[in-house]
Amino acid sequence: MSVKGEIKEGAGYIKEEIHEHGKSAESQRKAQEGRDLRNEGRIEDGKAPKTTKPGTDHPEK
C-alpha cells in the first residue's frame, strides 16, 4: 500500500461521507468527486474500485 493511495482513499471517503446526504446537485457532485478520489487511491493500492452509487453501500453501525 502506498501512502499516497491511502491518503487519497481517506480524503475521498471523508468528502463522500460529508456530502452524500445532500439533496442539491452540488452536494451530489461533491459526493461523486469523493468517490472518484477514493477509487483512485484504491486503484493505486491494487484494490478494486467501489462501483456502487455514493451512499448505498454503507452498513449502519
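All values reported here derive from a predicted model rather than from experimental measurement.

S.K.: Mind showing me how you'd approach the overall build of the protein chain here?
M.R.: Broken down by element type, the protein chain carries two helices and zero strands. Scored against the burial criterion, the 61 residues of the protein chain give a buried share of 28%. A separation of at least 24 residues holds for 47% of the contacts in the protein chain among residues at least 6 apart in sequence. Accessible area of the protein chain: about 4,300 Å², with a carbon and sulfur share of 55%.

S.K.: Any chance you could explain helix H2 (residues 25–44) here in plain terms?
M.R.: Side chains that are three or four residues apart share a direction in an α-helix, a result of its 3.6 residues per turn. Spanning 20 residues, H2 covers 29 Å between terminal C-alpha atoms, matching the ideal 28 Å at 1.5 Å per step. Within the span of H2, buried status applies to Ser27, Ala31, Gly34, Arg35, Arg38, Asn39, Gly41 and Arg42. Looking down the long axis of H2, one finds its buried residues gathered within 160° of arc, a one-sided arrangement. Seen from the open side of H2, the exposed residues pointing more than 90 degrees away from its buried face are Ala25 and Ile43. The inward-facing, buried residues of H2 abut helix H1 (3–19). The first or second residue beyond H2 is Gly46, which carries a positive phi of 80°.

S.K.: What is the right way to look at the side chain of Asn39 in this model?
M.R.: Inspection of the secondary structure puts Asn39 in helix H2. Each residue touching Asn39, except ones within four places of it in the same chain, is listed here: Pro49 and Lys50.

S.K.: Could you clarify how one ought to interpret the pattern of salt bridges in this entry?
M.R.: Opposite charge on two side chains permits pairing when their charged atoms draw close. Counted under the stated rule, the structure contains nine salt bridges. Here Lys8 makes a salt bridge to Glu44, at a shortest N to O gap of 2.7 Å. Taken together, the residues span a long stretch of sequence, with Lys8 in helix H1 and Glu44 in helix H2 at a distance of 36 residues. Here Lys8 falls in the buried class, since its relative accessible area comes to 15%. On the basis of relative accessible area, Glu44 is assigned to the partly exposed category, the value being 38%. Across the pair Glu33 and Arg29 runs a salt bridge whose closest N-O atoms are separated by 2.5 Å. Residue Glu33 and its partner Arg29 are located together in helix H2, separated by four residues, close to a single helical turn. Look at Glu33 and you get partly exposed, because its relative accessible area is 30%. By relative accessible area, which is 42% here, Arg29 ends up partly exposed. Beyond isolated ion pairs, a larger network of salt bridges with shared partners links Lys8, Glu40 and Glu44.

Cut-offs and rules
- Residues numbered from 1 in each chain as written.
- Predicted model: local features only at pLDDT ≥ 70, side-chain atom pairs only at ≥ 80, totals over all residues.
- Heavy atoms only, no water.
- Helix = DSSP H or I, 4+ residues; strand = E, 2+ residues; numbered from the N terminus.
- Buried < 20%, exposed > 50% of the residue type's maximum accessible area, 1.4 Å probe, protein only.
- Contact = heavy atoms within 4.5 Å.
- Areas by Shrake-Rupley, 256 points an atom, 1.4 Å probe, with all protein chains shown as cover.
- Expected span 1.5 Å × (residues − 1).
- Arc of directions from axis to C-beta.
- Salt bridge = Lys/Arg side-chain N within 4 Å of Asp/Glu carboxyl O.

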